[in-house]
Amino acid sequence: MKKSHAIVCMFLLGALCRAQTLEEKIDTYIQTISARYAIPGAAVAVLQEGKVVHKKYYGTSNLTSGAPITEKTLFKLHSLSKVFVATAIFQLIEEGKLSLEDPVGRYIDGLPKTWQQVRVKHLLAHSSGLPDAVRYEAPNEKMLKTKVFKGEIEFAPGDRFSYNQTNFWLLNRIITKMAQGSFEDFLKTGQFHGDPKALVFAQDKKAKDRATEYFANKEGAMEAKEFDVPEYMYGAAGIAITLDNFIQWNRDLDTDALLKPLTKAMMWSRFTYKNGHRFAHGWGRETVNGRAAVGFSGGTIVSLRKFLEDDVTIIFLSTGYRNFPNVDRIANYIAGLVDPDLEDAQVVAGETLTQAFLEKPLSDAMALYRDMKSESPQIDLEGAMNSIGYALAGRGNYDQAIAVFILNTEENPDSWNVWDSLGEGYEMAGDIEHAIINYEKSVVLNPDNGHGLEKLESLKKD
């Protein structure tokens, strides 16, 4: 046994290193991460070559009543709703009613003149440069439009990726105009065979079986949290769905019932940013061991991953957490259990380190990190360590979180993001002086770091 694999078996899911069926491996993993991150409930599906090879429900949909997760449970998708919106846009493109090159102003009235160069493709790729609607407080869409439309373009469309809810607000309105009906009905008709119960939207207060979402409060106790999404923002979020209906939608997508193969290839093709970012059209895009994967996540609690060349799909839906997980890494880890060719050394290392830092003495976890770096220097652990820092901070272990963030800055001194995270760690610990110092370092490395700039403005006022 190689030393690196021995380390994994020692710290991560020891049962998975023994002979198990696929179902047992996934069950063991889900039970392990549910305990590690305090996830109240989840539903997981794995599809391989068109067949469901795993479908199971875990935990509870409501901590007060103890009601279990079942096939009727509706999970809120948050930003994962965007993949349905992207699919709807490409259905309109396939029908010849729309083009990626169309200016947005052709469909949205009242756009500022400075916004006229923004095209449909820029909205899908989060490269519009438009001001983000979530920065503005408004009681209704009319007031929001008045405020957001006064904003200036922040960068030339297509220059770079900047995740932005304005993009999918406008895509919602384009779909509504082209469909000559409601956004909700267009999605149900075009992607769910007209089934009125296939999708539930946020403003449908009468819908039963919606899972309650829980997150930790400042004291670390689990609290139910409601996310109110107005109708005009359904393009950005707002959809709830059962696991079975998600599975059927995925099958229809895979079997070309929703889009033709060439249209799907266009949707999943990489958008060309001037700064080289990796993203498709409304979908995230990455490679695992040289294999293409597309997907998205939402609310830090749900994730979809499709491995195109291997015909493997992972659907992970959950109801919240106490300790921050990385849902994309969870989905990717499950994929590695399904197909050894999809076992990503970086994902396995991330899960191994997470378990060590959350469950072992800090000195042991630090030693494991050093062993891993020595054994496999090619593995990029920056993202994993950042997630671990936030997980520790979420538990109130600020000293340990800061130690992890500091280590990450030492290992990755040119990354603005790790300095921003260190600043946030100090801020959470109440050390404002060091928070400002590190936010400033992050902004020097990335003058466009909006989070750092906002934090500096706020903290220096205080």
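Above this text you will find the structure in question.
What counts as what
- Residues numbered from 1 in each chain as written.
- Predicted model: local features only at pLDDT ≥ 70, side-chain atom pairs only at ≥ 80, totals over all residues.
- Heavy atoms only, no water.
- Helix = DSSP H or I, 4+ residues; strand = E, 2+ residues; numbered from the N terminus.
- Buried < 20%, exposed > 50% of the residue type's maximum accessible area, 1.4 Å probe, protein only.
- Contact = heavy atoms within 4.5 Å.
- Polar contact = N/O pair within 3.5 Å; in protein donor to acceptor, adjacent residues only side chain to side chain.
- 1 Å grid on protein atoms, 1.4 Å probe; cavity = no way out; pocket = protein on both sides within 12 Å on 5 of 7 lines; lining within 4 Å.
- Points joined across faces, edges and corners; volume = space filled by probe spheres on them.
- Nonpolar A, V, L, I, M, F, W, Y, C, P; charged D, E, K, R; others polar.
- Expected span 1.5 Å × (residues − 1).
- Pairing = 2+ DSSP bridges.
- Phe/Tyr/Trp six-rings, centres within 6.5 Å; stacked < 30°, edge-to-face > 60°.
- Lys NZ or Arg CZ within 6 Å of the ring centre and 35° of its normal.
- Salt bridge = Lys/Arg side-chain N within 4 Å of Asp/Glu carboxyl O.
- Axes fitted to C-alpha atoms, helices over the stretch in contact; angles between N-to-C directions.

*Asks:* Describe the environment of Arg 285, listing the residues and the values that go with them.
*Replies:* Tracing the chain through its elements places Arg 285 in strand β8 (residues 284–288). On the basis of relative accessible area, Arg 285 is assigned to the partly exposed category, the value being 23%. A sequence separation of 16 residues divides Arg 285 from Ser 269, and the C-alpha atoms of the two residues are 8.3 Å apart. Apart from residues lying up to four places away in sequence, Arg 285 is in contact with Trp 268, Arg 270, Arg 278, Phe 279, Ala 280, Ala 292, Ala 293, Val 294 and Leu 308. A distance of 2.7 Å separates a polar atom in the side chain of Arg 285 from the backbone oxygen of Trp 268.

*Asks:* So, empty space enclosed by the protein: which residues are in play, and what are the values?
*Replies:* A probe as big as a water molecule, rolled over the atoms, marks out the empty space that is left. According to the stated counting rule, one finds 1 cavity of 30 Å³ or more in the structure shown. Quantified by volume, the largest cavity comes out at close to 30 Å³. For the largest cavity, the full set of lining residues is Tyr 37, Phe 324, Pro 325, Asn 326, Arg 329, Thr 354, Ser 387, Ile 388 and Ala 391. Top contributing element to the lining of the largest cavity by residue count: helix α13 (residues 382–394), with 3 residues. Looking at the lining of the largest cavity residue by residue, the class counts come to 5 nonpolar, 3 polar and 1 charged.

*Asks:* Before we move on, can you summarise helix α8 (residues 243–254) with the specific residues and values?
*Replies:* With 12 residues, α8 extends 16 Å from end C-alpha to end C-alpha; this agrees with the ideal 16 Å at 1.5 Å per step. Within the span of α8, buried status applies to Leu 243, Phe 246, Ile 247, Trp 249, Asn 250, Asp 252 and Leu 253.

*Asks:* So what about the sheet that holds strand β12 (residues 320–321)? Which residues, and what values?
*Replies:* Sheet architecture is open: 3 strands sit in the order β6-β5-β12, paired in mixed fashion. Looking at the sheet topology across the chains shown, the edges are occupied by β6 (222–225) and β12. Relative to β12, strand β5 (residues 213–216) runs parallel, the two being bridged by 2 bridges. Residue pairing across strands places Phe 215 opposite Tyr 321, the latter belonging to β12.

*Asks:* If you had to explain the packing of aromatic side chains to someone new, which residues and values would you point to?
*Replies:* Applying the stated rule across the entire model yields 20 aromatic pairs. Three or more aromatic residues link up through ring pairs in this structure, and these residues are Phe 84, Phe 192, Phe 246, Trp 249, Trp 268 and Trp 283. For the cation-ring pair, Lys 82 lies above Phe 168, with the distance from its terminal atom to the ring centre recorded as 5.6 Å.

*Asks:* Quick one: what's the story with the pattern of salt bridges, residue by residue and with numbers?
*Replies:* Evaluated as defined, the whole model comprises 23 salt bridges. In this structure, the salt-bridge partner of Lys 56 is Glu 23, at a minimum N-O distance of 3.7 Å. Within this pair, whereas Lys 56 is found in strand β2 (residues 51–59), its partner Glu 23 is found in helix α2 (residues 22–37), the two being separated by 33 residues in sequence. Between Asp 310 and Arg 291 there is a salt bridge whose closest N-O contact spans 2.8 Å. Placement of Asp 310 in the loop between β10 (302–307) and β11 (312–318) and of Arg 291 in strand β9 (residues 291–298) is noted, with a sequence separation of 19 residues between them.

*Asks:* Please set out the sheet that holds β9 residue by residue, giving values where relevant.
*Replies:* Spatial strand order, β2-β1-β11-β10-β9-β8: 6 strands in an open sheet with antiparallel pairing. The open sheet is flanked by β2 and β8, the only strands paired with a single partner. Sheet twist, expressed as the mean angle between neighbouring strand axes with direction ignored, is 15°. Taken strand by strand, α2 contacts β1 (41–48), β2 and β11, and its axis lies near 30° from that of β2.

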